[in-house]
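Structural features, examined
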Amino acid sequence: MATTDVAFQDVSGQPVRQRVINDMSLQVATVNGSGSQSSNTVLLRSIFQMGVPVSGKNMFPSNIAGLPTWYTIRANKDGYIARKKEIDFLVAMNPETAREDVAALAPGATVLYDEPLNLASLRSDLTFYAVPYDKIVAPVCPEAKLRKLVRNMIYVGVVARLLGIDMAEVEKAIRKQFARKVKAADLNFAAAKAGFDYAVASLTKQDPYQIQRMDKTQGKIIIDGNSAAALGCMFAGATVVTWYPITPSSSLVETMIDYMKRYRINPDGKASFAIVQAEDELAAIGMVLGAGWAGARAMTATAGPGISLMAEFAGLGYYAEVPAVIWDIQRVGPSTGLPTRTSQGDILSTAVLSHGDTKHLMLIPSSVSECFTMASEAFELAEQFQTPVFVMSDLDLGMNNWMSDPFPYPEKPISRGKVLSKEDLERLGGFSRYKDVDGDGICYRTLPGTDHPGAAYFARGSGHNEQSSYSERPDDYEKNMERINRKFETARSHVPRPEVQTGKSKVGIIAYGTSHWAIIEARDQLRKEYQLETDYLRVRAYPFSREVHEFVEQHERVYVVEQNRDGQMMSLLKLDVAPERVTRLRGIAHVHGLPLDARSVTDEIIMMEGK
C-alpha cells in the first residue's frame, strides 16, 4: 500500500508552500530497553528502501534499562550522512526528557509526542502532533506485557503517514527486522498500520518535511562497522580471536563468532578457528602474541581501557617482533569515561603504547567499507612488518548503521611476509633472527615446527643481538633499536595512503576516521556560504606517508580536525613534519562525545579565518 500526497498547513492554518523534501534530521527520544531499537531500525531502513541516503546515530546510556536514549536518523538527498547539529522532527516518547528535548529545538521544528505529555503548550513556534499511543496499541496487542515494546511501532506508522513513507516499504523493513519471527513481524506491522491509520483519520499535515522516492541507494547495503570488521577479519584468514567483553567492541567479536560458526567449520564438523574469551584484556593480547608467534593470524578487539591494560604486551610484540592485530573501537575516556559515546581519544597513546621507545602502526578507517578492507591490510602489514598493528575505529563507526556499496571480494593472495621454510633453511644453512639482510629493517623469521635444526630462535623481550642471543651490550641494543625504527620508516610507503583533494587553496583541512563525513559537508558549506575554498587530506594510517608532509608544505594554514580535547593527531603531526612548518598547523578539537557535525566545523574555521 502506497501513501498518497498529503495536503498540509502551517501552525497559522495557511498553506505551506515551501516543502522540505528528503532533507531532515529525525530524532526519537525514548528509554533504554523499551524496544525502540527495532522501531528505529525499521524507520531508517524504510527511508533507505525509498532510495534516500540515510544514516542512523544511536545515543544510549551505559547502564541499566529505563534511562533516556536518543536515536537520530538523517535523510539527505545530497548524500550527507554526518550527524546534523539541528533536529527537525522530534518523536518525544520519554516523559523524563520530553520538555528538555522540546526546549532544545530550533523554531520551525516538528514534535510528535505521546498525548499525556501535553507538550503543545510549551512553545508556539513549533508544529505539534499528539498521539494517544496507549489507546491505539491496546486493541492491536491484547497481551499487556508486550504493549510497551509494540507501542513504539505505532510511531513508525504515524511518521510514515506524516512524511510520506510508503507503508509497503515499512512492512518490508519490519519483515526483514523480524525475519525469523513471523508472528512478531505480523504484530509489529499491525501496530505500524494502526499508527498510520490513526494519522490518516486524526492528524492534519502542518509541517513541511517529506520523504519522496529517489534512486540513490540502489545496490547499496546497510551495516555497522563492527559487523563489517568481523567479515573483513574472517576473509583475511584470522584463525585465533581472543577478547574480553567491553563496550563498544564486544559486537565485533560476537558477530565474528556467528560468521565463523557458519563459514569456518570443516566438513568433519571441526572448527578451523579458536575464539577465546579471556579473563581480561591483558590475557587477551598475550594469547594473540602467542598465536602470532606460532604462525596463526591472531587478533583481539577492545576499547580504550583495554588498550591501556595491553601496554606491556604491546611493547613485547613491538620489541620481540611478533605479528598481531588489535581493533580499538574508541570511546570517551579517560578512565571509565563515557562508555557509550564516541571519541578519537586513543590516537596518541596507541601510537606510542608501552614504555621505552615504541612506535606502532595504526590504520584508521572512516567507513564500513574500510572496516572490511583494512582488516586484510592490517593482517598483511602485521606479518610483513612482524609487529602489532592497531585498527583505530570508534563507537560511531563500529556500532551505528551506515550505507555502503557491497564489499569487494578479496582477490589478493595472503602473504606471510619474510617467513623461511625448511627448503629456504637448507639452501641458506641457517639464519639470524634479528639481522637486517635487505636494508629495510625487516628481518626473516621461522615458524615453530619448521623441520630444520637451524630454525629455532629465542623470541626475546629482553636485550638481544642479531642472533637473538641475550645481550646487554650497548651497541647491540642501539643497533637493534635503530633497525626497528628503520622498519617503521619503511612502513611509510606500505601503509594505506591518505585520500587527498587539492586545488589552489591556501587553506587545508586534515581529518581522519568518522570526522571525514562532517568535513565533506563543511567544505561545501564553506564554499557556498563564505566563498572559502579548502583542500582536504584524510589520514588513513600512521606512520604518515610523504603525501601528508607535502600537503602541509603546500598550504599556509592547515586545520587539523579531530574528536578529542588535546589535538592528538596534531601532536603526532608536529613530531613528524619539518619544524619550520609546525606553525601552519591549527587544531579544531571536539570533545562532547557526539558524532562530529559539519556546522560546528564550519563555524570554527570561519571564526579562525577571521571571517
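Please read these numbers as outputs of a predicted model, since none were measured by experiment.

Another aspect to go through is the side chain of Asn226. Looking at the secondary structure, you find Asn226 in helix α7 (residues 225-235). We classify Asn226 as buried; its relative accessible area is 1%. Not counting chain neighbours up to four residues away, the residues in contact with Asn226 comprise Pro248, Ser249, Ser251, Leu252, Ile329, Leu397, Gly398 and Met399.

Counting buried residues in strand β22 (residues 557-562) gives six out of six residues, a clear majority hidden from the surface. Because side chains alternate across β22, one face comprises the buried residues Arg557, Tyr559 and Val561, and the other comprises Val558, Val560 and Glu562, equally buried. In terms of strand pairing, strand β19 (residues 507-512) meets β22 through four bridges, oriented parallel. When the bridges of β22 are listed, Ile510 appears paired with Val560. Once you follow β22 into helix α19 (residues 568-576) and on to strand β23 (residues 585-589), the crossover reads as right-handed.

We now examine the environment of Gly317. Looking at where Gly317 falls in the secondary structure, it is placed in helix α11 (residues 311-320). Between the alpha carbons of Gly317 and Ala104 there is a distance of 49 Å; along the sequence they are 213 residues apart. Beyond its immediate chain neighbours, meaning those up to four positions away, Gly317 contacts Leu289, Val322, Gln386, Thr387 and Pro388.

Keep in mind that low pLDDT regions are not for reading the predicted coordinates in detail. Per-chain confidence: the protein chain averages 94 in pLDDT, with 96% of residues scoring 70 or above. Low pLDDT (under 50) marks residues 1-7, which in the prediction has 19 contacts with non-local residues, meaning those over four places away or in another chain.

With 14 residues, helix α1 (residues 36-49) extends 20 Å from end C-alpha to end C-alpha; this agrees with the ideal 20 Å at 1.5 Å per step. Of all 14 residues making up α1, 12 are buried, and the element is well covered by its neighbours. Within the span of α1, buried status applies to Ser36, Ser39, Asn40, Thr41, Val42, Leu43, Leu44, Arg45, Ser46, Ile47, Phe48 and Gln49. Remark: Gly51 follows α1 within two positions and exhibits a positive phi of approximately 85°.

How each quantity is defined
- Residues numbered from 1 in each chain as written.
- Predicted model: local features only at pLDDT ≥ 70, side-chain atom pairs only at ≥ 80, totals over all residues.
- Heavy atoms only, no water.
- Helix = DSSP H or I, 4+ residues; strand = E, 2+ residues; numbered from the N terminus.
- Buried < 20%, exposed > 50% of the residue type's maximum accessible area, 1.4 Å probe, protein only.
- Contact = heavy atoms within 4.5 Å.
- Pairing = 2+ DSSP bridges.
- Right-handed = clockwise from strand over helix to strand, strands pointing away.
- pLDDT = per-residue confidence, 0-100.
- Expected span 1.5 Å × (residues − 1).

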